[in-house]
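Here's the letter readout for the chains.
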There are 4 protein chains.
Amino acid sequence: MSALVEFSMFPTEATQSKSAFVARVLDIVDKSGLPYQLTPMGTIIEGETVAEVMNVINQAYEELQTDCGRVYSSIKIDWRKGAMGRLGNKVNAVEEKLGRKLNS
Amino acid sequence: MSALVEFSMFPTEATQSKSAFVARVLDIVDKSGLPYQLTPMGTIIEGETVAEVMNVINQAYEELQTDCGRVYSSIKIDWRKGAMGRLGNKVNAVEEKLGRKLNS
Amino acid sequence: MSALVEFSMFPTEATQSKSAFVARVLDIVDKSGLPYQLTPMGTIIEGETVAEVMNVINQAYEELQTDCGRVYSSIKIDWRKGAMGRLGNKVNAVEEKLGRKLNS
Amino acid sequence: MSALVEFSMFPTEATQSKSAFVARVLDIVDKSGLPYQLTPMGTIIEGETVAEVMNVINQAYEELQTDCGRVYSSIKIDWRKGAMGRLGNKVNAVEEKLGRKLNS
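### Concerning the sheet that holds strand S4 (residues 70-80) of chain D
Argument step 1. Strand order across the open sheet formed by eight strands is S2(C)-S3(C)-S1(C)-S4(C)-S4(D)-S1(D)-S3(D)-S2(D), with antiparallel pairing between neighbours. Edge positions in the open sheet fall to strand S2 (36-39) of chain C together with strand S2 (36-39) of chain D, since each of these has one partner strand only. Averaged over all pairs of adjacent strands, the angle between strand axes in this sheet comes to 15°, irrespective of strand direction.
Argument step 2. Relative to strand S3 (residues 42-47) of chain D, S2(D) runs antiparallel, the two sharing four bridges. Residue D:Gln37 lies in a different strand from S3(D), and its bridge partner there is D:Ile44.
Argument step 3. Along the sheet face, helix H3 (residues 86-98) of chain C touches strand S1 (2-11), S2 and strand S3 (42-47) of chain C and points at about 110° away from the line of S3(C).

Encoded structure:
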């Protein structure tokens, strides 16, 4: 089984720049040991189960709650029966169908 | 503290109609005992913590995984310090600012 | 054809409370003449085409850009061949499958 | 001004594999001439205005509507006053705050 989870999380107050908060979240993601990819609009984590990835997101929430009054997040989950390793393979599958390389 | 969580969850194969699957998810939500509201585009649950609501979503995933090969979901979380009871209050706050009633 | 579009839109700076901004967006939605429903986590609009609803969202963006430096939004689109009128029918279909009334 | 838009779009019927449909959408994105990045969970496009990117998404919808009965999409928009070029800069800003390189 493979759960691909894309999420973004940020406080909705105080300051326009969110990168310091994103860095604290990414530190937790990085230390979870799960495969992940940081993109300009969020972070994609792959786990064997949905619960495994949700656990990392819960920890990230707890981290930001220590000094934020309001935190927003948006999460997409693509769960599928079958093998792990989709973090790299999904882009390849699209490029193969299209017959050429894309910006990725 | 209050975590308002809006989510939709459905299999992305086999059939256009998703209502039978949504019904099974809603049965789990309903039995969780947490306050919730079903909308035409998803379900909104309120919990004291993010983890409490995530737990219900994990259960819903496990339910659909029994007979689905691929399940997609989209989740938005609006966490805030302060009192529970936002399921009804947020719409009121907007109508108050606007000075008139809206379709809700 | 029917495009059901759920969206939320808010500035990510300055203040925790977003209801004054949401009210300005809702004013535009309300005046568009399209059927809609305000929920605690967003607004659901129904149009015949995706472009018709996107046009309303573009107008809302232009409104908030007059005095905001950064605006975030999250949008879900469920487009389907077939008749309009899904704003009310989708909840009914789920309740019918489940055989009982839900909080909606 | 810069509108960073992340979106995913796929039919919710018939087949588990979505890559052939994603390829058709990516072909439209690629030909739009706007800077973009394909990720395992969606596509990120940068435009000067929200409307400019929405226009590409509308075209992608029209393409899939030719042979799909139901199409779902999820969109996130991060609009900001200031210069374009955020497709590469956002990841750098997070890594700088964290003081080390991340998987991106």
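### Quick notes on the relation of the copies chain B and chain D
Argument step 1. For the match of chain B to chain D, the screw axis carries a shift of 0.0 Å, the RMSD comes to 0.0 Å, and the turn is 180°. Within this description, the copies of the chain are treated as partners about a two-fold rotation axis.
Argument step 2. A share of 100% of interface residues in chain B that are also interface residues in chain D marks the association as one of identical surfaces.

### Remarks on the interface of chain A and chain D
Argument step 1. Taken together, the contact between chain A and chain D spans 32 residues of the former and 32 residues of the latter.
Argument step 2. For the side of chain A that touches chain D, the secondary structure elements donating two or more residues are strand S1 (2-11), helix H1 (19-32), strand S2 (36-39), strand S3 (42-47), strand S4 (70-80) and helix H3 (86-98) of chain A.
Argument step 3. At eight residues, H3(A) tops the list of elements feeding residues into the side of chain A that touches chain D.
Argument step 4. Of the residues belonging to the side of chain A that touches chain D, the class tally is 16 nonpolar, eight polar and eight charged.

How each quantity is defined
All residue numbers here refer to positions counted from 1 along the written sequence of the relevant chain. Here every chain gets a letter starting at A, and every ligand a number starting at 1, in the order they are written. A pLDDT threshold of at least 70 governs which residues receive local features in this predicted model, and a stricter bar of 80 or more applies before side-chain atom pairs are shown or counted, although totals over entire chains, interfaces and linings include all residues. Should DSSP find at least two bridges between two strands, the strands are taken to pair. Numbering of helices and strands runs from the N terminus, with a helix taken as a DSSP run of H or I at least four residues long and a strand as a DSSP run of E at least two residues long. Between N-to-C directions, angles span 0 to 180 degrees; the directions come from axes that are lines fitted to C-alpha atoms, helices contributing only their stretch in contact. For every residue pair, C-beta atoms are placed from the backbone, and the pair is scored as a contact if these atoms sit within 7 Å. The copies were overlaid by least squares, fitting only the C-alpha atoms of residues that reach a pLDDT of 70 or more in each copy. Residues are grouped as follows: nonpolar covers Ala, Val, Leu, Ile, Met, Phe, Trp, Tyr, Cys and Pro; charged covers Asp, Glu, Lys and Arg; every other residue, Gly included, is treated as polar.

From the geometry alone we can't say anything about function, so treat these as descriptive.
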